[in-house]
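Below are the chains, spelled out letter by letter.
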Amino acid sequence: MIRTVESHTPASAPVLAAYSYCEAVTGQQARNFAYGIRLLPTPKRRAMSALYAFSRRVDDIGDGPLADGVKVTRLEDTRALLTRIREGAVDEDDTDPVAVALAHAAGHFPIPLGGLDELIDGVQMDVRGETYETWDDLKAYCRCVAGAIGRLSLGVFGTEPGARGAERASEYADTLGLALQLTNILRDVREDAAGGRTYLPADDLAKFGCSAGFAGPTPPEGSDFTGLVHYEVRRARALFAEGYRLLPLLDRRSGACVAAMAGIYRRLLDRIERDPGAVLRGRVSLPGHEKAYVAVRGLSGLDTRHVTRRAVRRRA
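Residues numbered from 1 in each chain as written. Predicted model: local features only at pLDDT ≥ 70, side-chain atom pairs only at ≥ 80, totals over all residues. Heavy atoms only, no water.

(A) Spotlight on the overall build of the protein. Counting secondary structure elements, the protein contains 15 helices and zero strands. The C-alpha atoms of the protein give a radius of gyration of 20 Å, which matches the 20 Å a tight globule of 316 residues would have. In terms of overall dimensions, the protein has C-alpha extents of about 65 × 55 × 35 Å along its principal axes. Considering only intrachain contacts with a sequence separation of at least 6, the fraction spanning at least 24 residues in the protein is 74%. As displayed, the protein offers around 14,300 Å² of accessible surface, 51% of which is attributable to carbon and sulfur atoms. For the protein, the centre of its 43 positive side-chain charges and the centre of its 41 negative side-chain charges are spaced 9 Å apart. (Helix = DSSP H or I, 4+ residues; strand = E, 2+ residues; numbered from the N terminus. Rg over C-alpha atoms; globule rule 2.2 N^0.38 Å. Contact = heavy atoms within 4.5 Å. Areas by Shrake-Rupley, 256 points an atom, 1.4 Å probe, with all protein chains shown as cover. Lys, Arg positive; Asp, Glu negative; His and termini not counted. Charge placed at Lys NZ, Arg CZ, Asp CG, Glu CD.)

Right, here's the structure in full:
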């Protein structure tokens, strides 16, 4: 069982300012994520914002215009900062608000900070321009950049006392992260190609005649692009189904947060499945009213009850 440790001691002014900075970053740069964490109580929401702001810093280094050598140096500097946070060497009056907020969050929740080391490892794979021959290869990358975020988040959420199967919560959180990342990869396939990156496994691309890549708004000539997308959608759906088993293990508001974030991505997956070519024509997204509906659905507990009923039927 993973229990959170929430202190009722008021945070100092510098810590509150640091959290405010992280929440602003989250609200501006992670709208899908922000919809979910709005449903959390304040201490958990702040901790999740600190995790996001640190993760965003790592991602921005990898995705930015700097030379690869400079990126490597910046990533190692960020890893050194993470070590300082882990060792309790960041003071409340430190000039880096993200470090202050994350250090405070890690002192109040059992956050496995090693997951952020994994994120840095994954972004270094991007900097090296690694490609992936098989799903197992891609899965290792996804575990670094997304599965680790699921496990880090679980440190904030905690599990409900006495929840059946709580010992597998970390595994489910990791799998849900993989589902979200594979959805991201499908959504961003053309954008990534424009940046010189290919994430989908080479084996899958070859199987559907897509090895030439996705440089334009139409699939490679003679390819079965629709077949490729539907194949990857089925894989993502299987990951979602497994990862959703996390929901009944969480308290109501944490479960609502996860259901909202995952629900947005599942609906993106639905859109991609209905019109595979849309990912080559532009960025597939959900309108705000649909995201709001998903958040309300998560808060109502509908997804959690559905997963629970399915689990009961399996045991019957």
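(B) Quick look at the nonpolar core. Formed by 98 residues in total, the largest nonpolar core has its most connected members in Phe54, Leu116 and Phe240. Considering every element that reaches this core, the biggest residue donor is helix α7 (residues 135–157), with 11 residues. Discounting residues that sit within four places of it in the chain, Phe240 has contacts with Leu176, Ala179, Leu180, Thr183, Ala262, Tyr265, Arg266 and Leu269. (Core = buried A, V, L, I, M, F, W, Y, C linked by side-chain atoms within 4.5 Å. Buried < 20%, exposed > 50% of the residue type's maximum accessible area, 1.4 Å probe, protein only.)

(C) Region of the structure containing helix α4 (residues 68–86). The end-to-end C-alpha distance of α4, which contains 19 residues, comes to 27 Å, matching closely the 27 Å that a straight helix rising 1.5 Å per residue would cover. Every buried residue of α4 is accounted for by Lys71, Leu75, Thr78, Arg79, Leu81, Leu82 and Ile85. Here the buried residues of α4 occupy an arc of 160° about the axis, which is enough to place them on one side. In the stretch just after α4, Gly88 is the one whose phi turns positive, near 70°. (Expected span 1.5 Å × (residues − 1). Arc of directions from axis to C-beta.)

(D) How the structure looks around the packing of helix α3 (residues 42–63) against α7. Orientation of α3 relative to α7, taken along the N-to-C sense of each, is 155°, at an axis distance of 9 Å. Regarding the angle of α3 to α7, the classification is roughly antiparallel. The chirality of how α3 crosses α7 is right-handed. Across the interface between the two elements, Lys44, Ala47, Met48, Leu51 and Ser55 from α3 touch Ile149, Leu152, Ser153, Val156 and Phe157 from α7. A per-class count over the contact of α3 with α7 returns seven nonpolar, two polar and one charged. (Axes fitted to C-alpha atoms, helices over the stretch in contact; angles between N-to-C directions. Parallel < 35°, antiparallel > 145°, perpendicular 65-115°, else oblique. Left-handed = near helix turned anticlockwise from the far one by under 90°. Nonpolar A, V, L, I, M, F, W, Y, C, P; charged D, E, K, R; others polar.)

(E) Molecular detail of the state of the cysteines. Within this structure, the stated rule accounts for zero disulfides. Free cysteine Cys210: the closest other cysteine sulfur is in Cys142, separated by 18 Å. (Disulfide = S-S within 2.5 Å.)

(F) Structural detail: the packing of aromatic side chains. On inspection of all chains with the given rule, the structure shows six aromatic pairs. Relative to Tyr141, the ring of Tyr132 lies with its centre 5.4 Å away and its plane at 35°, an arrangement referred to as tilted. You can call Tyr141 buried: its relative accessible area is 4%. On the basis of an interplanar angle of 50° and a centroid distance of 5.5 Å, the ring pair of Phe208 and Tyr231 is categorised as tilted. With Phe208 in the loop between α10 (202–207) and α11 (225–243) and Tyr231 in helix α11, the pair connects residues that are 23 residues apart, well separated along the chain. Exposure remark for Phe208: the relative accessible area of 14% places this residue in the buried category. (Phe/Tyr/Trp six-rings, centres within 6.5 Å; stacked < 30°, edge-to-face > 60°.)

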